[in-house]
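Single-letter residue listing:
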Amino acid sequence: MNLFYHSTRSDDQTVTSKQAILRGIAPDGGLYVSDGLGQTQLDLAQVCAEHYHAIARRVLSTLLPDYAPEEISSCVSQAYADNFDTPLVTPVSPLGDDWLLELYHGPTCAFKDVALQMLPRLMSVARKGEGRDVMIVTATSGDTGKAALAGFADVPGTGVTVFYPEGKVSDIQHLQMVTQKGSNVAVCAIRGTFDDAQTNVKRIFADRELAKRLDADNVMLSSANSINVGRLVPQVTYYFSAYAQLVQHGAIHVGDAVDFCVPTGNFGDVLAGYFAKRLGLPVGKLVVASNSNKVLTDFLTTGTYDRRRDFVKTISPSMDILVSSNLERMLYYLTNGDCERVASLMGDLATKGCYSIGADLLAKLRETFDCGYATDDQTRATIRDTWEKDHVLIDTHTAVAKTVLDTLPREGRQRVCLSTANPYKFSADVLAALGTDVSGKSGFDCMDELQALTGVEAPAQLSNLRSAALLHQDVCDMDGMAGFVEDSCRRVFGQGR
């Protein structure tokens, strides 16, 4: 099976999965993809009889074939140990007539943990053949940053630098990042949006002069965003695990199709569902749920992607994104691997702010994907209704997905709503949605009141933040980000070795 990786924008140079994970992004700015995706499909009957660790080993071995079986097994055992509060890792629970895939049981209470507890292990194995230190540089809209910091803190031979948009993450997300301990971590707010941070991180990766200076000190840059294939691949596992749990619950039979509704900003989480489909998972529809920054809804409706619009700050901040980087991978597969066309579309996005894929490709895309969006008011109403009717407490991002799912006609298939964060990461907004006035109250006041109101206990790793020391208070403009990265490399790894 051909599972070498190359850029979405050119297939001139191929790399192994280990090399792709270490590099993070291709030299031409494209994302790493493999033409072997789907050549091998998983045995669904076997998957449905397995636990999470076994499914993860099966998925990772298929998509990262240059890792030895014992390397994969070790990575899985370390990543999904007692750092998750349930042996199921990502359990499925009832939600009215649908199902909730709980992806928030890891150390930072967000779905990013599933991949970012794995990525440091995969990267450490890959480093053995490379010999260089690795600085992880990532932009975050809220959850990736903390999950990356927690995953890479004090991992030998690596450092991690995280940029987040100042004032555009929740209070708890902010505290999770700025209280992170570790001798190899750096955190910096930027004056701008997540899209600004993400765009400038990509420029940092493309800065050849910076790369030369770092190479002289035996340092290379890599990414923990979902642009890194090592972030994307582990997420495929929980789609198969969810399906297996539905079979075990007796909700479906092996071979039945299932719909998945995913709160989506950067398109990585839902793209993992598409990868699962290519590996043989019977997926009916993948529903892309957006907030008021509905660039993906408009794209999936019209075939035109247009980022030339006002940025809206919402109560689901991890989805406040106008440039969905992982969509580039989907475009590659949608065009049957037409690198030239993908490069042209990405060029149009960079220079004109928009591109169109045409009616034929849109029709092909809609065979798998559906879409919808929710306003903040609709999101609040869903949080309240879900608590009152189902006695299930959900966060603002999950509520976006449930709002969209509830508007779609049932097609006779079981439906799974991906729950991407613990509601206590957004205590103020969840509490307000339940009808409590939160004016003038701190995030921890809201956490305490939400716990008293619902009886749902706040995770210790969030409630304990109230006594944590503030360790990172740096702020920079966009043009200062590259300098901050270089300074972080000097501090973590030293110079002139």
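The structure contained in this document is the topic of the report that follows. (Residues numbered from 1 in each chain as written. Predicted model: local features only at pLDDT ≥ 70, side-chain atom pairs only at ≥ 80, totals over all residues. Heavy atoms only, no water.)

1. So, the overall build of the chain
Just so we agree on the cut-off: Helix and strand assignments follow DSSP, with helices taken as H or I runs no shorter than four residues and strands as E runs no shorter than two, numbered in order from the N terminus. The size measure is the radius of gyration over C-alpha atoms, and the globule rule it meets is 2.2 Å times the number of residues to the 0.38 power. Only protein chains enter the accessibility calculation, which uses a 1.4 Å probe; a residue is then buried when its area is under 20% of its type maximum, exposed when over 50%, and partly exposed in between. We call two residues contacting when some pair of their heavy atoms lies within 4.5 Å. Residue-level accessible areas treat just the shown protein chains as cover; the underlying method is Shrake-Rupley with a 1.4 Å probe.
For the chain, the count of helices and strands is 22 helices and 16 strands. In terms of overall dimensions, the chain is globule-like: its C-alpha atoms have a radius of gyration of 21 Å, near the 23 Å expected for 497 residues. When each of the 497 residues of the chain is scored for burial, the buried share is 61%. Within the chain, counting contacts between residues at least 6 apart in sequence, those at least 24 apart form 76% of the total. About 18,000 Å² of surface is accessible on the chain, with carbon and sulfur atoms providing 46% of the total.

2. A few points about the pairing of strand E11 (residues 283–290)
Operational definition: Whether two strands pair comes down to DSSP finding at least two bridges between them. When the strands point away from the viewer and the connection leading from the first strand across the helix to the second strand turns clockwise, the crossover is called right-handed.
Among the 8 residues of E11, 7 are classified as buried, and the element is accordingly described as predominantly covered. Two strands pair when backbone bridges link them, and strand E10 (residues 258–263) and E11 are joined in this way by 5 bridges, in the parallel orientation. Across the sheet, the residue bridging to Val 262 is Val 288, located in E11. Assessed by its sense of winding, the connection that carries the chain from E10 through helix H12 (residues 268–278) to E11 is right-handed. When E11 meets strand E14 (residues 369–373), the two strands line up parallel, connected through 5 bridges.

3. Observations regarding the layout of surface pockets
To keep it simple, the criterion reads: Definitions used throughout: a 1 Å grid over protein atoms alone; a cavity as a set of points that fits a 1.4 Å probe which cannot get out; a pocket as an open set with protein on both sides within 12 Å along at least five of seven lines; a lining residue as one with an atom within 4 Å of a point. Grid points are joined across faces, edges and corners, and a volume is the space filled by probe spheres set on the points.
For the largest pocket, the calculated volume is near 1,200 Å³. In this structure, the largest pocket is lined by 45 residues; those nearest its centre are Ile 25, Gly 29, Lys 202, Phe 205 and Ala 206. For the lining of the largest pocket, the leading source of residues is helix H9 (residues 194–206), giving 10 residues. Size it by volume and the second largest pocket reaches roughly 290 Å³. Contributing to the lining of the second largest pocket are 18 residues, with Val 169, Ser 170, Asp 171, Ala 428 and Asp 429 lying nearest its centre.

4. Observations regarding unusual backbone geometry
For Phe 267, which is not glycine, the phi dihedral falls at a positive 75°. If you trace the backbone, Phe 267 turns up in the loop between E10 and H12. Located in the positive-phi region is Asn 336, a residue other than glycine, with phi close to 60°. Tracing the sequence through the fold places Asn 336 in the loop between helix H14 (327–334) and helix H15 (339–351). Residue classification places Asn 336 among the exposed positions, given a relative accessible area of 66%.

5. Points about the environment of Ala 468
Tracing the chain through its elements places Ala 468 in the loop between helix H21 (460–463) and strand E16 (474–476). Since its relative accessible area comes to 29%, Ala 468 is described here as partly exposed. Between the C-alpha atom of Ala 468 and that of Lys 181, which follows or precedes it by 287 residues, the distance is 9.9 Å.

6. A short note on helix H13 (residues 295–302)
Within the span of H13, buried status applies to Val 295, Leu 296, Thr 297, Phe 299 and Leu 300. Contacts made by the buried residues of H13 are with E11, strand E12 (304–306), H14, strand E13 (354–356), helix H16 (358–366) and E14. Gly 303 sits one or two positions beyond H13 and adopts a positive phi of about 85°.

7. Structural notes on empty space enclosed by the protein
Test applied: In this classification, Asp, Glu, Lys and Arg are treated as charged, Ala, Val, Leu, Ile, Met, Phe, Trp, Tyr, Cys and Pro as nonpolar, and every other residue, Gly included, as polar.
Enumeration over the complete set of coordinates arrives at 2 cavities of 30 Å³ or more. As a volume, the largest cavity reaches approximately 260 Å³. Lining the largest cavity are 23 residues, and of these Phe 111, Lys 112, Gly 265, Asn 266 and Ser 318 sit closest to its centre. When the residues that make up the lining of the largest cavity are grouped by side-chain class, the tally is 7 nonpolar, 12 polar and 4 charged. Estimates place the volume of the second largest cavity at around 30 Å³. Taken together, Gln 198, Val 201, Lys 202, Asn 225 and Ile 227 make up the lining of the second largest cavity. Tallied by class, residues from the lining of the second largest cavity come to 2 nonpolar, 2 polar and 1 charged.

8. A look at the pattern of salt bridges
Convention followed: We define a salt bridge as a side-chain nitrogen of Lys or Arg found within 4 Å of a carboxyl oxygen belonging to Asp or Glu.
Applying the stated criterion across every chain yields a total of 23 salt bridges. Its salt-bridge partner being Glu 209, residue Lys 212 comes within 3.9 Å of it at the nearest N-O pair. Separated by 3 residues within a single helix, Lys 212 and Glu 209 lie in helix H10 (residues 208–216), roughly one turn from each other. Overall, Lys 212 belongs to the exposed group, its relative accessible area being 56%. The partner of Arg 380 in a salt bridge is Asp 377, and the shortest N-O contact between them spans 2.9 Å. Linking Arg 380 with Asp 377, this pair stays in helix H17 (residues 376–390), spanning 3 residues, or about one helical turn. The exposure class assigned to Arg 380 is partly exposed, which follows from its relative accessible area of 26%.

9. So, the sheet that holds strand E5 (residues 98–102)
To keep it simple, the criterion reads: Axis angles are defined between N-to-C directions and span 0 to 180 degrees, where every axis is a line fitted to C-alpha atoms and, for a helix, only to the segment in contact.
The strand order across the open sheet formed by 6 strands is E4-E5-E15-E10-E11-E14, and the pairing between neighbours is mixed. On the outer flanks of this sheet lie strand E4 (92–95) and E14, each paired with one strand and no other. Strand-to-strand twist in this sheet, taken as the mean axis angle between neighbours without regard to direction, amounts to 25°. Bridge count between E5 and strand E15 (residues 414–419): 4 bridges; the pairing is parallel. Following the sheet pairing, Leu 101 is matched in E15 by Leu 418.

10. Topic: the side chain of Thr 140
Note the cut-off: Side-chain atoms alone can form a polar contact between residues adjacent in sequence; in general such a contact is a pair of N or O atoms within 3.5 Å, and within protein one must be able to donate a hydrogen while the other accepts it.
Tracing the backbone shows Thr 140 in the loop between strand E6 (133–139) and helix H7 (143–152). Separated by 3.3 Å, the side chain of Thr 140 and the backbone nitrogen of Thr 144 make a polar contact. Discounting residues that sit within four places of it in the chain, Thr 140 has contacts with Gly 145, Val 162, Phe 163, Tyr 164, Pro 165, Met 177 and Phe 194.

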